[in-house]
Amino acid sequence: MCEDASTLKRASAVRLLLVVLTGSLLLASATAHAQTTGLLRGLVEDVQGGALPGATATLTNRLTGLEMTTTAGPDGRFEFTNLPLDTYGLVVELSGFALKGQSVPIPANVPVDLRVVLDLAAQSETITVTPDAPLVDVLAAGTRTQISQERVAMMPMALGSRGIESVLVSFPGFAQNANGAIHPRGAHNQMTFVVDGLPISDQLTGAFANSIDSGIIQSAELITGNVPAEFGSKVSGVAILTSRTGLGLGRTALGDVMLSVAGYNTWQTGFNVGGGGRRNGYFVSATGMRTDRFLDQVSLDNLHNSGGFGRMYARLDSTLTDRDLVRVNVMGGQSAFELANLRSQHAAGQDQRQRLADATAWGTYRRTLDLQSTLEATAGFRRTGAQLLPSPGDTPVTASQDRHISNLVANVRYTRMFGAQTLRAGIDAQRFPVEETFSMAITSPTFNEPFAQGFNPSLLPHDLTRGGSPFRFEDRRSGWQMSAFLQATTRWRRASLALGLRHDAYAFVVRGSQLQPRVGLSYELPGTAGVMRASYNRNYQTPPNENLLLSSSQAAAALAPESVRAALGGAYRPIHPEQQHVYELGYQRALGRAAHLDVAVYRKDSVNQQDNNNFFDTGIILPTTLAAIRAEGAEMRLTLPKRAGVSGSLSATMARAVSTPPFTGGLFLGQDAIDLLSAGPFRIDHDQRLSLHGTVQYSHAWGLWLGGSVRYDSGLVSNPSDSEEVTADPDFYDLLPYVNLTATVPRVRPRTIADVVVGYDLRPAGRRTWSVQAQLTNLTNRTALYNFQSVFVGTRLVQPRTVAVKITRHF
């Protein structure tokens with residue numbers, strides 16, 4: 001909704017007051033997953049109360065694969081820090097004593113203290129080990145998927161700029177797209193990545209921004225159903241990423257250096273190093289790469305596609321006292337690459353290049369107020385920039401761009417535990433100055449010819465072949481967003497009720513606000529029958545800031561095709577936030593100790609649907625909206641915890657997404673399909689009948705390990721192109737076998753892509769010193785398309801078969 005300034009202020013005050021008053025109703029028992037980590041402190045003693053130094057404590061989560069080990073100090077104390085909120089299995093052992101195990105829940109960032117008493121082995125007739133942590137979360141009222149660094153390290157992932165998206169795409173709910181882009185539940189890329197408490201809502205794809213390196217991640221949690229009220233802005237999916245730390249390692253330096261070589265003249269090198277004790281710790285990571293296939297190619301020929309990047313990450317933790325923790329993070333990177341050419345562009349000498357840069361710094365202070373509560377504050381600054389550099393041979397359009405976005409973020413979180421349950425509340429503030437410069441002009445006389453079908457007279461003034469001049473745009477503005485939330489969960493017998501309330505006030509190109517109730521219910525069935533769940537979320541998704549000024553400008557609107565302007569009644573309309581109603585039903589259960597099953601069905605009804613318009617296969621992606629979208633689907637994930645060295649997962653996703661025009665924003669130049677799509681509801685390119693993604697890992701005590709993945713995609717919706725015109729087009733004729741243009745809903749054809757990796761860890765004296773691995777991507781060398789002439793993302797092909805070898809020195 002849009003409001004003037006005075007109305008917005010009054011509405012914001014009333015709604016924020018409502019949030020606070022609602023909090024008084026939520027001060028019952030609660031538990032919630034959040035963008036924070038937990039701390040487990042233990043004391044190991046014998047039956048007489050004497051400390052047992054040197055005892056080994058091992059913490060595991062069979063479902064995610066996380067495993068951590070530490071040793072009790074001279075006072076018998078041990079710590080596990082940086083723990084994702086979950087339930088773990090703890091085993092403590094010491095020579096001469098009976099092994100002791102138990103299940104340990106970590107529900108919040110309030111420290112958990114344990115006293116572990118070990119019996120003498122001679123006095124214990126049997127070794128008593130409490131069973132592993134349960135595979136089912138009886139309190140979960142939404143869809144959550146987790147994975148640890150141990151599992152990620154054995155997943156086959158292509159070298160390059162894909163980053164953490166290569167991990168997330170193995171989860172259910174995603175349609176895979178080109179250059180690392182992923183579509184969560186019918187959305188384009190409306191995701192938030194929360195890295196150690198800092199929310200990042202940038203569109204992290206290879207052609208658009210520098211991604212987050214998966215090598216810095218200790219664990220990843222994905223939330224796609226019943227998103228807690230703590231999260232806003234982009235919530236089609238929320239990825240909570242916990243980075244690695246040196247806190248508690250007990251060594252000055254522990255790390256590795258690696259070198260990797262792959263096809264397409266790809267070279268990558270990097271290092272990770274961390275160290276520290278109980279009070280202080282550090283972790284530093286850096287990596288760099290160059291390749292002749294930086295982006296997914298736009299034709300069977302991999303033309304003009306070289307590039308490279310460099311990235312770094314650093315984290316410093318300091319426990320000032322037993323109650324005060326300070327953490328500082330720094331992250332940044334740069335990439336420079338050529339934009340892949342079509343054959344006609346290559347023949348004309350097109351040499352477009354793009355540069356991306358980002359720098360982020362943030363700090364967190366956590367204070368343990370008492371045994372039941374904590375206060376946590378995070379403040380950060382992030383700046384991103386992108387440049388598109390034109391060339392004299394550009395065809396059919398030349399373009400240039402220089403944009404910069406700064407983001408100042410501050411948030412405060414209060415957490416209070418009531419027994420085993422938790423209440424969480426917080427406030428967020430953001431300010432984001434944006435600067436954009438853009439120009440474009442037509443350079444081909446055969447593009448947008450007067451009197452030809454699809455001719456757009458609005459472009460004629462910018463046709464250089466007909467005496468025109470370039471279209472130029474420059475603007476800078478600052479926006480802000482204020483948010484407040486409360487979330488809690490009440491448990492009664494077998495039922496759990498998750499309650500959340502969030503309010504967002506937003507002001508940039510437009511002004512708006514939204515009060516967002518989020519409610520979830522879970523019910524534990526008798527015995528081992530599992531847990532049923534249902535939820536409703538009201539969401540308010542703000543538009544992406546990248547190129548938003550241009551896409552929402554009257555100057556850009558004047559260039560829109562007649563069909564788009566007619567659908568809007570000839571009026572100018574800026575891009576508005578998306579408002580969603582999201583419903584989900586789900587079920588999870590443990591299949592003995594062997595597996596965990598989770599299934600879900602959902603429906604999402606939205607107005608002002610957000611999407612992107614790709615400007616001629618360049619890295620310029622312009623925000624756009626449609627009047628509405630209905631997305632619905634079903635998902636399943638079967639997780640196999642590690643057993644006899646084998647672990648794995650199988651994810652299945654069925655999704656249907658129907659969008660309703662008219663379009664707002666974007667620059668739909670030379671895309672005749674926009675006329676057809678503006679006529680009425682249509683299947684958008686996020687729509688896919690079925691995708692399957694299976695992974696398997698095997699590790700042997702001798703150091704040999706294997707990892708494999710197989711993904712099947714039935715095919716995303718393609719552009720409704722005319723097959724005769726495609727046959728006559730030298731840029732696309734040979735792609736016809738890989739797209740079905742005669743179907744009622746045109747789609748790229750189904751594909752199955754298999755990847756495999758094999759490695760060996762050299763472990764003299766039980767400690768890993770060297771590792772070597774070989775990976776084969778696209779094992780069967782399947783030729784396939786991600787998209788075909790899409791008005792949203794263009795044309796991109798799947799990576800051909802590629803061999804990679806990596807060697808790592810551990811120290």
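For clarity, every value in this text was computed on a predicted model and none was experimentally measured.

Q: Help me understand the pairing of strand β16 (residues 266-276), please; the structure alone is not making it clear to me.
A: On a regular strand, each side chain points to the face opposite its neighbour's, so the side chains alternate between the two faces of the sheet. With respect to burial, β16 is a largely interior element, 8 of its 11 residues being buried. Examined bridge by bridge, strand β15 (residues 251-262) and β16 share 10 bridges and lie antiparallel to one another. Counterpart to Leu254 in the pairing with β16 is Gly274. Connecting β15 to the next strand, β16, in antiparallel fashion are 3 residues, including Tyr264 with a positive phi near 60 degrees. Relative to strand β17 (residues 280-291), β16 runs antiparallel, the two sharing 10 bridges. Counted as the bridge partner of Val273 is Val284 from β17. Counted between consecutive antiparallel strands, the loop separating β16 from β17 contains 3 residues.

Q: Hey, could you run me through unusual backbone geometry in this one?
A: In this model, Thr395 is joined to Pro396 through a cis peptide bond whose omega is 0 degrees. Here Pro396 lies in the loop between β21 (373-389) and β22 (397-418). Omega for the bond connecting Pro661 with Pro662 falls within 30 degrees of zero, at 15 degrees, which places this linkage in the cis form. Note on placement: Pro662 falls in strand β31 (residues 646-665). Its identity as a non-glycine residue notwithstanding, Arg185 has a phi of 50 degrees, on the positive side. Mapped onto the elements, Arg185 comes out in the loop between β10 (182-184) and β11 (191-195). Given the relative accessible area of 2%, Arg185 is considered buried.

Q: What exactly am I supposed to notice about the sheet that holds strand β5 (residues 86-93) here?
A: Strand pairing in a sheet relies on backbone hydrogen bonds. The paired strands run either parallel or antiparallel. With antiparallel pairing, the 4 strands of this open sheet are ordered in space as β3-β2-β5-β6. Across the chains shown, the open sheet's two edge strands, defined by having one partner strand only, are β3 (66-71) and β6 (100-106). Here the average twist between neighbouring strands, direction ignored, is 20 degrees. In this sheet, β6 lies alongside β5 in antiparallel orientation, the contact comprising 7 bridges. Residue Leu90 lies in a different strand from β6, and its bridge partner there is Gln102.

Q: I tried to follow the nonpolar core on my own but got confused; where do I start?
A: Nonpolar side chains in soluble globular proteins tend to be buried together. Core analysis: the biggest nonpolar cluster contains 36 residues, and Phe438, Met440, Phe508, Leu550, Phe615 and Leu667 have the highest contact counts within it. Of all the secondary structure elements, the ones that give two or more residues to this core are β21, β22, β23 (421-442), β24 (471-492) and α5 (548-551). In terms of residues, this core owes the most to one element, β23, which gives 5 residues. Once residues lying within four places of it in the same chain are set aside, the contact partners of Leu550 are Glu436, Phe438, Phe471, Phe473, Ala556, Leu622 and Leu667. One finds Met157, Val169, Val195 and Ala209 within the second-largest nonpolar core, a separate group that totals 30 residues.

Rules used in this analysis
Residues numbered from 1 in each chain as written. Predicted model: local features only at pLDDT ≥ 70, side-chain atom pairs only at ≥ 80, totals over all residues. Heavy atoms only, no water. Buried < 20%, exposed > 50% of the residue type's maximum accessible area, 1.4 Å probe, protein only. Helix = DSSP H or I, 4+ residues; strand = E, 2+ residues; numbered from the N terminus. Pairing = 2+ DSSP bridges. Axes fitted to C-alpha atoms, helices over the stretch in contact; angles between N-to-C directions. Core = buried A, V, L, I, M, F, W, Y, C linked by side-chain atoms within 4.5 Å. Contact = heavy atoms within 4.5 Å.

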